[in-house]
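Read off the chains here:
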Amino acid sequence: MLRRSIIKRLTSLVLSSALLAGAVPAFAAGDDEPTITINGVEITEDSSTQPPSATDLPEPTSAPMAAPAGSAAAPAAETGTKYSTVTVDLTMQQKPYTIDSFAVLELYSDTGELLDSDSMWVGGITTNLTYVFDVPEYSIGQSFRLRLAGGLTNLRYYDNLYTEGSYIDLGTYSYKNENGEAVAATSFAMDATPYFQKSVSLSYDGVPVALTPGARVVDGVTLVPIAQLAQYIGLDTYYDSTYNTQVVSLGGNAIYFNLGTDYTTVFGTDLTATHPTVWLDDSVFASLRTFADALGCTLEVTDSPDMLYVNMTSSQMVNDYFNNIPINSRGITSRTDYLVWISLSEFKVRVYLGKQYQWKPIREMTCAIGAPESPTITGSFEYQYSMPRWDYGTYYVGPCLVFYGNYAIHSVFLYQDGSEYDGRVGMQLSHGCIRLKKADIDWMYSMIPIGTRIYITP
């Protein structure tokens, strides 16, 4: 036996088709079960008559075709009743970046005469829209044509998708509700998709890049928060408030993205970007295409209805730059964004910023190391904790950055007033610790976080 809900849906669809074909429905007054007669055949819940095939009628979506019984949009159907409105209810599909617009719908007669039109605002907060069209009086069974004139990407009615400029055939009909009352269906429910910007899934060299805020499509162009993407790749960035410019640099070369304009300078050459640089979500957004071209990268794009998948291939220019920095060939990692490399043979302490294979030198300092009889330990360590000073009465050293046992990076010997007691560097003379000039150790103490890798080589 067919379920009650299924037979109701099928009888409504069968009746709608029959009405459009000139058939006359007949309801049995007072029946407990919904009944309908078409071409002399009565269909009930127990009827063995087969409903139309799926190819004859569209399968309805979760949105009902007619408004609920008893509502203003679904009045009781009485013999000879005339109606003067047609209602269209739109449920808006939610998209990440909805574009404000005005959704324009037009209602035509079945002979092509424009009967009424209406325009409603659509934005990111819009969830539902209801259009009530005034039309000449009509009886149930009258057909109309709805046209999406603009302001929406598409409308979905049952399983059919209609884009701008398309017409949707609407047929009014009546049916019996659960109380056995005849109800007029003059209201039609549809899903609507607003104008929207596609979300962008961005990868660099095949690895997904999480950007906050994320990349997006604006005016048909993919824009990215340029500082975040540049830093991920390993470039330096800063905002120049004097010229309202986001600067991205690689070594001594720089790209200048000027806010509010497409005028861009790439490594000394002025050019026109594919989109003006703009301020969005408290970040500077610039053209991904212009940035990729500047670095010699290729963009591999896969499009889908709601998402744009973009892979930015690795930049040979950037790779060559980092490969020329010796520490990067060693594959050293650090739990922080900093790395300290101490070369005992050179008496040098070098500090880097970045990450594995993308370390950039930010400071180089000359140091004193352990005397031959008390050599400095070699290996890979982590900065564990700091001490303000180690006091020896007449003089002290400090601050002290301890990285293994009693081994530390600290100042040269200082008098209690901070002046140098023994300021020698570039020599083997300590008890194993690394000595730096006061200004250098103070800078390290203020910059280097605990957990930073301390890498010491002979």
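Residues numbered from 1 in each chain as written. Predicted model: local features only at pLDDT ≥ 70, side-chain atom pairs only at ≥ 80, totals over all residues. Heavy atoms only, no water.

Now for the overall build of the protein chain. A tally of helices and strands in the protein chain yields 5 helices and 43 strands. Burial statistics for the protein chain: of 458 residues in total, 47% are counted as buried. A total accessible area of about 22,200 Å² is found for the protein chain, and carbon and sulfur atoms account for 50% of it. (Helix = DSSP H or I, 4+ residues; strand = E, 2+ residues; numbered from the N terminus. Buried < 20%, exposed > 50% of the residue type's maximum accessible area, 1.4 Å probe, protein only. Areas by Shrake-Rupley, 256 points an atom, 1.4 Å probe, with all protein chains shown as cover.)

What follows concerns the side chain of Ser 187. Within the fold, Ser 187 resides in strand β14 (residues 187–194). Under the relative-accessibility criterion, Ser 187 is labelled buried at 2%. A distance of 3.2 Å separates polar atoms of two side chains, one belonging to Ser 187 and the other to Asp 89. (Polar contact = N/O pair within 3.5 Å; in protein donor to acceptor, adjacent residues only side chain to side chain.)

Let us now look at the UniProt feature "active site" (unreviewed entry) in the protein chain. Taking the UniProt record as the reference, the feature "active site" (unreviewed entry) is found at His 410 and Cys 433. These annotated residues cover 24 residues of sequence, and their C-alpha atoms lie no more than 7.4 Å from one another, placing them together at a single site. As for its position among the elements, His 410 is in strand β38 (residues 407–411). Excluding residues within four positions of it along the chain, His 410 makes contact with Trp 390, Val 397, Gly 398, Pro 399, Cys 400, Cys 433, Ile 434, Arg 435, Leu 436 and Ile 441. Turning to its location among the elements, Cys 433 is positioned in the loop between β41 (428–430) and β42 (434–436). (UniProt positions renumbered as here; feature names shortened; annotations may be inferred. Contact = heavy atoms within 4.5 Å.)

So, about the sheet that holds strand β8 (residues 143–150). A sheet is described by the order of its strands in space; here 4 strands give the open sequence β6-β5-β8-β11, paired in antiparallel fashion. Strand pairing shows two members of the sheet lacking a second neighbour, β6 (114–122) and β11 (167–171), which therefore form its edges. Mean inter-strand twist for the sheet, computed between neighbouring axes without regard to direction, equals 25°. Pairing of β8 with β11, which is carried by 5 bridges, proceeds in the antiparallel orientation. Bridge assignment links Leu 146 to a residue of β11, and that residue is Ile 168. (Pairing = 2+ DSSP bridges. Axes fitted to C-alpha atoms, helices over the stretch in contact; angles between N-to-C directions.)

This brings us to the nonpolar core. Leu 229, Ile 233, Leu 235, Phe 291, Met 312 and Ile 327 are the most contacted members of the largest nonpolar core, which has 41 residues in total. Sequence-distant contacts of Ile 327, defined by excluding residues within four places in its chain, comprise Ile 332, Leu 339, Trp 341, Tyr 352, Trp 359 and Tyr 455. Val 88, Phe 144, Ala 184 and Met 190 belong to the second-largest nonpolar core, a separate cluster that totals 29 residues. (Core = buried A, V, L, I, M, F, W, Y, C linked by side-chain atoms within 4.5 Å.)

This structure, assessed with the given rule, holds 18 aromatic pairs. Centroid distance Tyr 395 to Tyr 421: 4.7 Å. Interplanar angle 15°. Geometry classified as stacked. Pair noted here: Tyr 395 is in strand β36 (residues 395–397) and Tyr 421 is in strand β40 (residues 420–422), with a separation of 26 residues, a long-range link. Tyr 395 sits in the buried class, given a relative accessible area of 19%. Overall, Tyr 421 belongs to the partly exposed group, its relative accessible area being 41%. By the ring-pair criterion, three or more aromatic residues cluster together here, those being Tyr 392, Tyr 395, Phe 413, Tyr 415 and Tyr 421. Arg 350 extends its terminal NZ or CZ atom over the ring of Trp 341, reaching a point 5.7 Å from the ring centre. Across the ring face of Tyr 396, the terminal group of Arg 389 is positioned such that the distance to the ring centre comes to 3.7 Å. (Phe/Tyr/Trp six-rings, centres within 6.5 Å; stacked < 30°, edge-to-face > 60°. Lys NZ or Arg CZ within 6 Å of the ring centre and 35° of its normal.)

Moving on, we get to the sheet that holds strand β31 (residues 360–366). The 5 strands are arranged β31-β30-β29-β43-β33 in an open sheet whose pairing can be described as mixed. Each of the sheet's edge strands pairs with one partner strand only, and the pair in question is β31 and β33 (379–382). Across the sheet, the axes of successive neighbouring strands diverge by a mean angle of 20°, strand direction being ignored. Pairing of strand β30 (residues 348–353) with β31 involves 6 bridges; the strand directions are antiparallel. The residue bridging Lys 348 from the neighbouring strand is Thr 366, located in β31.

The next point concerns unusual backbone geometry. Of the consecutive residues Thr 212 and Pro 213, the connecting peptide bond is found in the cis state with omega at 0°. Of note, Pro 213 is situated in the loop between β17 (207–208) and β18 (216–218). The linkage connecting Gly 398 with the following residue, Pro 399, adopts the cis geometry, with an omega of -5°. One can find Pro 399 in the loop between β36 and β37 (400–404).

This next bit is on the pattern of salt bridges. Close approach of charged atoms allows side chains with opposite charge to pair. According to the stated counting rule, one finds 16 salt bridges in the structure shown. Between Asp 169 and Arg 145 there is a salt bridge whose closest N-O contact spans 3.1 Å. With Asp 169 in strand β11 and Arg 145 in strand β8, the pair connects residues that are 24 residues apart, well separated along the chain. Note on Asp 169: relative accessible area 54%, which makes it exposed. For Arg 145, a relative accessible area of 31% gives the class partly exposed. A salt bridge links Glu 382 to Arg 453; its shortest N-O distance comes to 3.9 Å. Here Glu 382 is found in strand β33, whereas its partner Arg 453 is found in strand β43 (residues 453–457), with 71 residues between them in sequence. Residue classification places Glu 382 among the partly exposed positions, given a relative accessible area of 22%. What emerges from the salt-bridge pattern is a single network uniting Glu 346, Lys 348, Arg 350 and Glu 364. (Salt bridge = Lys/Arg side-chain N within 4 Å of Asp/Glu carboxyl O.)

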